[in-house]
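Okay, here's what each chain looks like letter by letter:
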Amino acid sequence: MNALVSRMNKTLIRREFWENRSLWMVPTVVIGILTVLSLYMLIAVLVGHSETVNTVDANGMHFRIDQLPDFSNAAPEQVVGFVRIVTLALGAMFSFIMKIVLFFYLLDSLYADRRDRSILFWRSMPLSDTRTVLSKLATAMLTFTGITLAAAIVLELILLVFMLIMGSVLGVHPWSILTYPGTIIGSWLYLAYGLVVQAIWFLPYMGWVMLASAWAKKTPFLWAVLVPLGLMGAEGWVFHSAHIARLVFRHSLSWLPLAFNFDPDTAFNKHGDMVFTGGNLVGLDSLGRLLASPELWIGTVLAAAFIYGAIWLRRNRSEI
Amino acid sequence: MNTLVKARGLSKHYGTLAALNKVDFDIEEGCIVGLIGPNGAGKTTALKAVLGLTDFEGELDVLGHDPRLGRHHLMRDVCFIADVAVLPRWLRVANAIEFAESVHPRFSRERAMHFLERTKIRQKSKVGELSKGMVTQLHLALVMAIDAKLLVLDEPTLGLDILYRKEFYTNLLNDYFDEQRTILVTTHQVEEIEKLLTHLMFIDNGAITLNSSMEQVAQDYTEVLVNPDKAAAAQALKPLHERDVFGKKLFLFEGVAKEQLAELGEIHTPSVADIFVAKAKGGMQ
């Protein structure tokens, strides 16, 4: 019975990937484009290389090769900082892209099959509406953590290989970076943790978009976007305040200083460079702070209410 | 015989409009029931209530379930084709089979493949690439591969050309139907299904105006082609309906002995469509 249930769940999530190819196509295309661009840069360096050239003009862009970090005599903290910043930058980029992809995925998740009436086929199967809705939410959460992490790791490895080749040619010797495998893998673990935290932290947004998707008779986008904007506008009009807006936008960033020992005020030096001390980004202190934050629990309760509403609408008001 | 569906005082209102008005009916195991009625008569509402797709008032028991609660339990024993072309365009045939196989405990991949082998549908095709007729063939193959107790078909052949329509019902009858199965079907094209029905149910203005077996219908309803000189005698027997045919009069009677009517002229068993028209007109008067 359990095997049957887990097979069913797997199929439900696979179904989402059959329908929504953008979930994996978009990150794949981004990796492809950035790989080709980096390869182009690499070739430009290799072809243009001579003893005197240490800058590269590629397509009008000016790259200073001597800024490529030379790790051969770098302090371990510098290597750690570099690896972390690359991983987190790639992670931040892909998580931003996946947030947009998943916004549109969730917007369509409970609407597309009502629009083309295929909901009548899906609902002719012995699947509860609760299970269906939760499978779509689970797909979004798994995609956000799994695919973002995988995309960041793949692109980082590709860039690392390019950097090693380029560095060797230029005599910068970045090979010593490989003597810190724990650092590289550790940076991935930090990224994975950050993504899992966000997947939970962003639940109220996801739940809201699913509710709009289950509710809308047409254009769920407008419901998902205009209702909160309308509330914000109404609040400003009546009370001349912006609490809702602050709440909604602040929530999208407030997880960061809770989940990580990362203070935006001291994280940058006076030149605007990010400073990494190599200390514990995550510890029991940050984890405790995160779990003790009322914002996390209020958000989760709110998300549960939105998702319950989406399930109810799916069960009782699924006709367009 | 087992009663699969039992409705008592089944009602459904849309605003002040009663789509179904305190309807009672039973559906027995092993029957093919035709639910016939004009647009807006309440056919689809009745089917939706049975399938747990809509809320309603009154009592409704479908295979021991209240369809309002736990539609997903009901769907193990009940299958339906709600309309043509409700399979999503992006779905591949192979994926549709894989999906049904892993979520439906009574679905048989072998049976689905067996039905699909006879068609031109390929495993790799997407629904969007198939013709309307092929989409219906695919849907029917998926549904026939499920060992369900009750199959509900709502206008299953709407918009299909005649070849597919004929084939649809032939396949259903030859490959699917047996004593353990029950089919509930609605359609506009009554002529197409009247030969295969075992039971007939008319629904009009949210009420059931006729509900009996086809044998009973053949006994109760008689059509007589009467020469003009005997028309008055026929009218005295209170026909349900009369119309002029080639200078003669065609009368439709309900509940008048066939021997008595044979004296008036040539008797036939009327078609379902004729009975329906007569009943509907009677209701309007």
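Residues numbered from 1 in each chain as written. Chains lettered and ligands numbered in written order. Predicted model: local features only at pLDDT ≥ 70, side-chain atom pairs only at ≥ 80, totals over all residues.

Student: Could you clarify how one ought to interpret the overall build of chain B in this entry?
Tutor: Broken down by element type, chain B carries 11 helices and 13 strands. With the C-alpha coordinates of chain B rotated into their principal frame, the extents come out at 70 × 40 × 35 Å. Counting across all 285 residues of chain B, residues that qualify as buried make up 43%. Of all intrachain contacts in chain B linking residues separated by at least 6 positions in sequence, the fraction that spans at least 24 positions is 69%. (Helix = DSSP H or I, 4+ residues; strand = E, 2+ residues; numbered from the N terminus. Buried ≥ 20, exposed ≤ 12 C-beta atoms within 10 Å, placed from the backbone. Contact = placed C-beta atoms within 7 Å.)

Student: Even after reading the chapter, I still don't get the overall build of chain A, so can you show me in this structure?
Tutor: Assigned secondary structure in chain A consists of 13 helices and 2 strands. Long-range pairs, those at least 24 residues apart, make up 76% of the contacts in chain A between residues at least 6 apart in sequence.

Student: Got a minute to help me understand helix α6 (residues 162–176) of chain B in this structure?
Tutor: Helical geometry note: an α-helix holds 3.6 residues per turn, so side chains three or four residues apart project in the same direction. Residues and elements named next belong to chain B. When the terminal C-alpha atoms of α6 are compared, their 21 Å separation across 15 residues agrees well with the 21 Å that a helix rising 1.5 Å per residue should span. Every buried residue belonging to α6 is among R165, F168 and L172, and all of these are buried. Viewed along the axis of α6, the buried residues span an arc of 55 degrees, placing them on a single side of the element. Turned more than 90 degrees away from the buried face of α6, the exposed residues are I162, L163, T170 and N174. As for α6, its buried residues are in contact with α5 (132–144) and α7 (190–193). (Expected span 1.5 Å × (residues − 1). Arc of directions from axis to C-beta.)

Student: I tried to follow the pairing of strand β2 (residues 17–28) of chain B on my own but got confused; where do I start?
Tutor: When a strand is regular, its side chains alternate between the sheet's two faces. Pairing of strand β1 (residues 3–14) of chain B with β2(B) involves 8 bridges; the strand directions are antiparallel. What sits directly across from A7(B), in β2(B), is F25(B). (Pairing = 2+ DSSP bridges.)

Student: How should the pairing of strand β7 (residues 182–186) of chain B be read in this particular structure?
Tutor: Residues and elements named next belong to chain B. With 5 of its 5 residues buried, β7 lies for the most part within the structure. Both faces of β7 are covered, namely the face carrying T182, L184 and T186 and the face carrying I183 and V185. With 4 bridges joining them, strand β3 (residues 32–36) and β7 adopt parallel strand pairing. The residue of β7 that forms the bridge with L35 is T186. Examined bridge by bridge, strand β6 (residues 150–154) and β7 share 5 bridges and lie parallel to one another. By the bridge assignment for β7, L151 is matched with I183.

Student: How do you make sense of the packing of helix α8 (residues 203–215) of chain A against helix α9 (residues 220–239) of chain A when you look at a structure like this?
Tutor: The description of two helices packed together rests on the angle between their axes and the distance between the axes. Residue and element names in this part refer to chain A. Remark: α8 packs on α9, axes separated minimally by 8 Å, with the N-to-C direction vectors making an angle of 135 degrees. Comparing their axes, α9 and α8 come out oblique. Handedness of the α8/α9 crossing: right-handed. Contact residues: α8 offers W208, V209, A212, S213 and W215, while α9 offers P220, W223 and A224. Of the residues assigned to the contact of α8 with α9, the class counts are 7 nonpolar, 1 polar and no charged. (Axes fitted to C-alpha atoms, helices over the stretch in contact; angles between N-to-C directions. Parallel < 35°, antiparallel > 145°, perpendicular 65-115°, else oblique. Left-handed = near helix turned anticlockwise from the far one by under 90°. Nonpolar A, V, L, I, M, F, W, Y, C, P; charged D, E, K, R; others polar.)

Student: What is the right way to read the sheet that holds β2(B) from this model?
Tutor: Whether parallel or antiparallel, the strands of a sheet pair through hydrogen bonds between backbone atoms. Residue and element names in this part refer to chain B. The strand order across the open sheet built from 3 strands is β2-β1-β4, with neighbouring strands paired in antiparallel fashion. The sheet is open, and its two borders are formed by β2 and β4 (57–62), each paired with just one other strand. In this sheet, adjacent strand axes meet at a mean angle of 15 degrees when their direction is disregarded.

Student: Is there a simple way to explain unusual backbone geometry in this structure?
Tutor: Glycine aside, residues mostly have negative phi angles, and peptide bonds mostly take the trans form. One non-glycine residue with positive phi stands out, namely T219(A), at about 40 degrees. Here T219(A) lies in the loop between α8 and α9.

Student: I would appreciate a short explanation of the confidence of the model for chain B in the present structure.
Tutor: Interpretation of this model should avoid reading the predicted coordinates in detail wherever pLDDT is low. All names here are of chain B. Of the residues in chain B, 98% reach a pLDDT of 70 or more, and the chain-wide mean stands at 86. Taken element by element, chain B is modelled with least confidence in helix α11 (residues 272–284), mean pLDDT 75, and with most confidence in helix α3 (residues 93–103), mean pLDDT 95. Interface confidence in the predicted complex, given as ipTM, is 0.87; pTM for the same model is 0.87. (pLDDT = per-residue confidence, 0-100.)

Student: Hey, could you run me through the environment of S212(B) in this one?
Tutor: All names here are of chain B. Examined against the element boundaries, S212 turns out to sit in strand β9 (residues 207–213). Using a count of 15 C-beta atoms within 10 Å as the deciding quantity, one classes S212 as partly exposed. Discounting chain neighbours no more than four positions away, the residues touching S212 are L200 and V217.

Student: For this particular structure, what's the right way to read the sheet that holds β3(B)?
Tutor: Residue and element names in this part refer to chain B. Taken together, 6 strands build an open sheet; the order of strands is β5-β6-β7-β3-β8-β9 and the sheet is mixed. What marks the edges here is a single partner per strand, and that holds for β5 (78–81) and β9. In this sheet, adjacent strand axes meet at a mean angle of 15 degrees when their direction is disregarded.

Student: Could you clarify how one ought to interpret the packing of helix α3 (residues 76–109) of chain A against helix α6 (residues 129–170) of chain A in this entry?
Tutor: Residues and elements named next belong to chain A. One way to put it is that α3 packs onto α6 with a least axis distance of 9 Å and a crossing angle of 150 degrees. Here α3 lies roughly antiparallel to α6, going by the angle between them. Crossing hand, α3 versus α6: right-handed. Here α3 contributes V86, T87, L90, G91, F94, S95, M98, L102, Y105, L106 and S109 to the contact with α6, which in turn contributes K136, A140, T143, F144, I147, T148, A151, A152, L155 and E156. Residue classes in the contact of α3 with α6 are distributed as 13 nonpolar, 6 polar and 2 charged.

Student: Is there a simple way to explain the nonpolar core in this structure?
Tutor: One recurring pattern in soluble globular proteins: nonpolar side chains tend to sit buried together. Formed by 93 residues in total, the largest nonpolar core has its most connected members in V78(B) and V152(B). Broken down by element, the residue count for this core peaks at 7 residues, all from α5(B). The contact partners of V78(B), leaving out residues within four places of it in the chain, are L51(B), V62(B), L63(B), A148(B), K149(B), L150(B) and V152(B). The next biggest cluster of nonpolar side chains, apart from the first, holds 49 residues, and it includes F94(A), V133(A), I147(A) and I311(A). (Core = buried A, V, L, I, M, F, W, Y, C linked by C-beta atoms within 7 Å.)

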